[in-house]
Amino acid sequence: MKKILVTGGAGFIGSHLCRRLVNDGYEVICLDNFFTGSKRNIQDLIEKPNFDVIRQDVTQPVKFNVDEIYNLACPASPVHYQYDPIATMKTSVLGAINMLELAQDNGAKILQASTSEVYGDPLVHPQLETYWGNVNPIGIRSCYDEGKRAAETLFFDYHRKCAIPIKIIRIFNTYGTAMHPNDGRVVSNFIVQALSGQDLTIYGDGQQTRSFCYVDDLVAGMILMMNSDPDFIGPVNLGNPGEFTMLELAEMVKAMTQSRSSIIFKPLPADDPKQRKPDITLAQQKLGWIPRISLKEGLTKTIQYFSNLEGL
Ligand code: NAD
Ligand code: UDP
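Quick caveat: nothing in here was measured; it's all calculated off a predicted structure. (Residues numbered from 1 in each chain as written. Chains lettered and ligands numbered in written order. Predicted model: local features only at pLDDT ≥ 70, side-chain atom pairs only at ≥ 80, totals over all residues. Heavy atoms only, no water.)

Asker: Help me get a handle on the site of ligand 1, residues and values and all.
Answerer: Residues in contact with ligand 1 amount to 29 residues; listed here are only the nearest, Asp32, Thr36, Leu72, Tyr144 and Thr174. The separation between an oxygen atom of ligand 1 and a polar main-chain atom of glycine 37 is 3.0 Å. Relative to its free-state accessible area of 820 Å², ligand 1 is covered by the protein chains to the extent of 97%. Top element by residues in the shell around ligand 1 is strand E5 (residues 109-115). It accounts for three residues. (Near = heavy atom within 4 Å. Polar contact = N/O pair within 3.5 Å; in protein donor to acceptor, adjacent residues only side chain to side chain. Areas by Shrake-Rupley, 256 points an atom, 1.4 Å probe, with all protein chains shown as cover. Helix = DSSP H or I, 4+ residues; strand = E, 2+ residues; numbered from the N terminus.)

Asker: If you had to explain the sheet that holds strand E4 (residues 68-71) to someone new, which residues and values would you point to?
Answerer: Consider a sheet: its strands pair through backbone hydrogen bonds, and that pairing is either parallel or antiparallel. The sheet built from seven strands is open, its strands ordered E3-E2-E1-E4-E5-E6-E11 with parallel pairing. Since the sheet does not close on itself, it has two edges, and those belong to strand E3 (51-55) and strand E11 (236-238), each with one partner. Each strand of the sheet is rotated relative to its neighbour by a mean of 20 degrees, with strand direction disregarded. Where E5 and strand E6 (residues 166-171) come together, six bridges link them in parallel fashion. (Pairing = 2+ DSSP bridges. Axes fitted to C-alpha atoms, helices over the stretch in contact; angles between N-to-C directions.)

Asker: Please provide a residue-by-residue account of helix H2 (residues 39-46), values included.
Answerer: If you check which residues of H2 are buried, you get Asn41, Ile42 and Leu45. The buried residues of H2 occupy an angular sector of 55 degrees when projected down its axis, which confines them to one face. (Buried < 20%, exposed > 50% of the residue type's maximum accessible area, 1.4 Å probe, protein only. Arc of directions from axis to C-beta.)

Asker: With reference to specific residues and values, describe the packing of helix H4 (residues 85-106) against helix H5 (residues 142-162).
Answerer: Relative to each other, H4 and H5 sit at 15 degrees, their axes nearing to 8 Å. It follows from the interaxial angle that H4 and H5 lie roughly parallel. Read as a crossing pair, H4 and H5 show a hand that is right-handed. Residues Pro85, Thr88, Met89, Ser92, Val93, Ala96, Ile97, Leu100, Glu101 and Gln104 of H4 pack against Ser142, Cys143, Tyr144, Glu146, Gly147, Lys148, Ala150, Ala151, Leu154, Phe155, Tyr158 and Cys162 of H5. Considering only residue class, the contact of H4 with H5 consists of 14 nonpolar, five polar and three charged. (Parallel < 35°, antiparallel > 145°, perpendicular 65-115°, else oblique. Left-handed = near helix turned anticlockwise from the far one by under 90°. Contact = heavy atoms within 4.5 Å. Nonpolar A, V, L, I, M, F, W, Y, C, P; charged D, E, K, R; others polar.)

Asker: Can you explain the site of ligand 2? Please cite residues and give values.
Answerer: As a structural note, the neighbourhood of ligand 2 is formed by 17 residues, with Val186, Thr201, Arg210, Asp272 and Arg276 the closest of them. Between ligand 2 and the protein, one listed contact pairs an oxygen atom with a side-chain N or O atom of asparagine 189 at 2.9 Å. The contact in question runs from an oxygen atom of ligand 2 to an N or O atom on the side chain of arginine 210, over 2.7 Å. Protein contact buries 96% of the 520 Å² of open area that ligand 2 shows by itself. Of all elements in the fold, only helix H6 (186-195) and strand E8 (200-203) reach the threshold of two or more residues within the shell around ligand 2.

Asker: Got a sec to walk through the pattern of salt bridges? Specific residues and values, please.
Answerer: The tally for this structure, following the rule as stated, stands at 14 salt bridges. Aspartate 105 serves as the salt-bridge partner of lysine 63, at 3.0 Å between the closest nitrogen and oxygen. Here lysine 63, found in the loop between E3 and E4, pairs with aspartate 105, found in helix H4; they are 42 residues apart in sequence, far enough to count as distant. A relative accessible area of 47% means that aspartate 105 is categorised as partly exposed. (Salt bridge = Lys/Arg side-chain N within 4 Å of Asp/Glu carboxyl O.)

Asker: So what's going on with the side chain of threonine 59? Residues and values would help.
Answerer: With respect to the element layout, threonine 59 can be found in the loop between E3 and E4. Here the side chain of threonine 59 touches aspartate 57 through a polar contact of 2.7 Å, side chain to side chain. With near-sequence residues (within four places) excluded, threonine 59 lies in contact with Lys90, Thr91, Leu94 and Asn98.

Asker: Describe the environment of isoleucine 290, naming the residues involved and giving the relevant values.
Answerer: As for its position among the elements, isoleucine 290 is in the loop between helix H9 (281-287) and helix H10 (295-307). Separated by 51 residues in sequence, isoleucine 290 and glycine 239 place their C-alpha atoms 8.5 Å apart. Every residue in contact with isoleucine 290, bar those within four places of it in the chain, is listed here: Ile280 and Gln284.

Asker: An account of the nonpolar core is needed here, citing residue identities and associated values.
Answerer: Formed by 59 residues in total, the largest nonpolar core has its most connected members in Leu17, Tyr70, Met222, Leu249 and Leu299. Looking at which element gives the most residues to this core, the answer is helix H7 (residues 215-226), with seven residues. Once you skip the residues sitting within four places of it in the chain, tyrosine 70 turns out to touch Ile4, Leu5, Val6, Thr7, Leu17, Leu21, Leu111, Met222, Ile223 and Met226. Counting residues in hydrophobic clusters, the runner-up holds 24 residues, among them Ile69, Phe156, Ile164 and Ile233. (Core = buried A, V, L, I, M, F, W, Y, C linked by side-chain atoms within 4.5 Å.)

Asker: Describe helix H8 (residues 246-256), with residues and values.
Answerer: Quick reminder: α-helices carry 3.6 residues per turn. Residues three or four places apart thus point the same way. For H8, the set of buried residues is Met246, Leu249, Ala250 and Val253. Down the axis of H8, the sector holding all buried residues measures 100 degrees, keeping them to one side. Positive phi shows up at glutamine 258, right after H8, with a value of about 50 degrees.

Everything listed here is a matter of coordinates, which is why it stays silent on function.
Dropping the structure here:
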C-alpha cells in the first residue's frame, strides 16, 4: 500500500485531503507544526490504523520512507502569513527544499500546493498558467507570494537537475468546512460575522473579485493531478471560474443566513489583488477536471458547519 505524506495535513485543505486518502485505504502521514492547523480537524482520523501524525516544522529536515508527498504546509490566510513574514518565507523555501530532498531520498513523487498569488495583482484576466504575474517583491503579501514563487522555482530546478517527479498546482481561493472561525479569510469571516450578529466587514469598496472553489472539488483535482500522466507536471490552475465581487459575496451570505448584520466598509489592505479568476482549460484537458459545486451549494454546507460549531 502506498505511503503518502501530507505536510500541513492538520490544516483546512490538508485535513480534507488526509481524510480522502485514508478512506481510499492509503497509509497517510500528516506532518504539521499546528500553527494554523488543529487536532480537531483530524480528530476522526487519529484512531484509524492507516493514519499517523508527526508534530514537526517543515523547515527541519526529515528522514523516513514515503512514496508520495503532498506539500501543503504554509499559512494561507493573509492575517496568519503576515503575522511572522520571515517564518512564512522560510516555510515555503526551506519546506520545499526539505520535502524535495525527502522525495529524492525515496524516489518519491511530490506535489506542491502553489497559489493564484503567484499572479499577484494580475494584469491578465482570467489568469492562464503562461502568465508570469504582477507581484510586488517588497510588500506585505510578498513573504507569501514570493515564497510560493521561489518554491515553484525549486521544484522545477530539482526536477531538471535531479529528475524528481514533480507536480505543481496553483490553487485559487478555496473554502469549506474545517476552516478556522478566526482564519481571517473572507468566506469564513462573513459567515462567522453573519451568524454571530456582527457587522460584515468589506475591505475597500467591495468591487474586487475572487473565484471561490469548494474544498471537495479542489481535493478531487489534487488527487487527479498527483496521479496524472508523468509527463504532465504543471503548473496547473485549480479553481472555480465563477467570479464574484466581495459585495456580492457579503450580500449572498447575509441573505443565506437571514442575518440582520450590517455590511460595513473598512480600509483595503496594501497590494490586495483587484481581480482573480482562473482559466481552467488546462486542468479540463489534462485531468478531465472541472469543479461541480456551485458557490450557493458550497456556502450552504459551510454555513451549516459554522452553525454547528460550539462557541459561535
Ligand atoms: P491552513 O492555514 O488551514 O493550513 C496550513 C497548514 O500548514 C496548517 O495545518 C499549519 O499548521 C501548517 N503549517 C504552517 N506552517 C508550517 C510549518 N512551518 N511546518 C509544518 N506545518 C506548517 O491553510 P489551507 O487553506 O489549508 O492551505 C493549505 C495550502 O494550500 C497552503 O500551502 C496554501 O498556501 C495553499 N493554498 C490555499 C488556498 C486557499 O484558498 N485555501 C489558496 C491557494 C493556496
Ligand atoms: N476581505 C474582505 N473582508 C474580510 C476579509 C477579506 O472584504 O473580512 C477581502 C480581501 O480584502 C480580499 C478578498 O476579500 O479582497 C479575499 O480575501 P482573502 O483574505 O479571503 O483571500 P486573498 O486576498 O488571499 O484572495
